[in-house]
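Summary of the model geometry
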Amino acid sequence: MSTLARPRNGRMIGGVCAGLARRFGTTPTTMRVLFLLSCLLPGPQFVLYLALWVLMPNEDEHTAW
């Protein structure tokens, strides 16, 4: 498993789904579909996405450590 960071390449909006997909070893499309399906359920999914967008570092910033 790789570290949790938003990649510079392969982003759609913020790169959150692409970063999560890379971390958990799945495709970004699968992660995006899972996120969209989860939005059909009650809960704070969109708020969680925004929080991850703010909190997850960009790939370049993360590798600079």
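Everything discussed here concerns the structure shown above.
The rules we used
- Residues numbered from 1 in each chain as written.
- Predicted model: local features only at pLDDT ≥ 70, side-chain atom pairs only at ≥ 80, totals over all residues.
- Heavy atoms only, no water.
- Helix = DSSP H or I, 4+ residues; strand = E, 2+ residues; numbered from the N terminus.
- Buried < 20%, exposed > 50% of the residue type's maximum accessible area, 1.4 Å probe, protein only.
- Contact = heavy atoms within 4.5 Å.
- Areas by Shrake-Rupley, 256 points an atom, 1.4 Å probe, with all protein chains shown as cover.
- Axes fitted to C-alpha atoms, helices over the stretch in contact; angles between N-to-C directions.
- Parallel < 35°, antiparallel > 145°, perpendicular 65-115°, else oblique.
- Nonpolar A, V, L, I, M, F, W, Y, C, P; charged D, E, K, R; others polar.
- Polar contact = N/O pair within 3.5 Å; in protein donor to acceptor, adjacent residues only side chain to side chain.
- Left-handed = near helix turned anticlockwise from the far one by under 90°.

Here we come to the overall build of the protein chain. Scanning the protein chain from terminus to terminus reveals four helices and zero strands. Looking at the 65 residues of the protein chain, the share that counts as buried comes to 28%. For the protein chain, the share of sequence-separated contacts (at least 6 apart) that also reach a separation of at least 24 residues comes to 49%. Accessible surface, the protein chain as shown: approximately 4700 Å² in total, 69% of it carbon and sulfur.

So, on to the packing of helix α1 (residues 16-24) against helix α3 (residues 45-55). Between two packed helices, what matters for the description is the angle formed by their axes and the separation of those axes. Interhelical geometry of α1 versus α3 gives an angle of 80 degrees and a closest axis separation of 10 Å. Taken together, the axes of α1 and α3 are roughly perpendicular relative to one another. Listed contacts from α3 to V16, C17 and L20 of α1 are Y49, L52 and W53. Residues of the contact of α1 with α3, tallied by class, amount to six nonpolar, no polar and no charged.

As a further point, take the side chain of R6. Residue position: R6 is located in the segment before α1. What makes R6 buried here is its relative accessible area of 8%. Among the polar contacts made by the side chain of R6, one reaches the main-chain carbonyl oxygen of M56 at a distance of 3.1 Å. A distance of 2.9 Å separates polar atoms of two side chains, one belonging to R6 and the other to N58. Apart from residues no more than four positions distant in its own chain, R6 is found in contact with R11, G14, G15, V16, W53, M56, P57, N58 and E59.

Turning our attention to the packing of α1 against helix α2 (residues 28-38). Two numbers describe how α1 lies on α2: the axes approach to 8 Å, and their chain directions differ by 120 degrees. Along this stretch, α1 crosses α2, giving a crossing that reads as right-handed. Contacts between α1 and α2 involve C17, A18, L20 and A21 from the former and P28, M31, R32 and F35 from the latter. Partitioned by chemical class, the residues of the contact of α1 with α2 number seven nonpolar, no polar and one charged.

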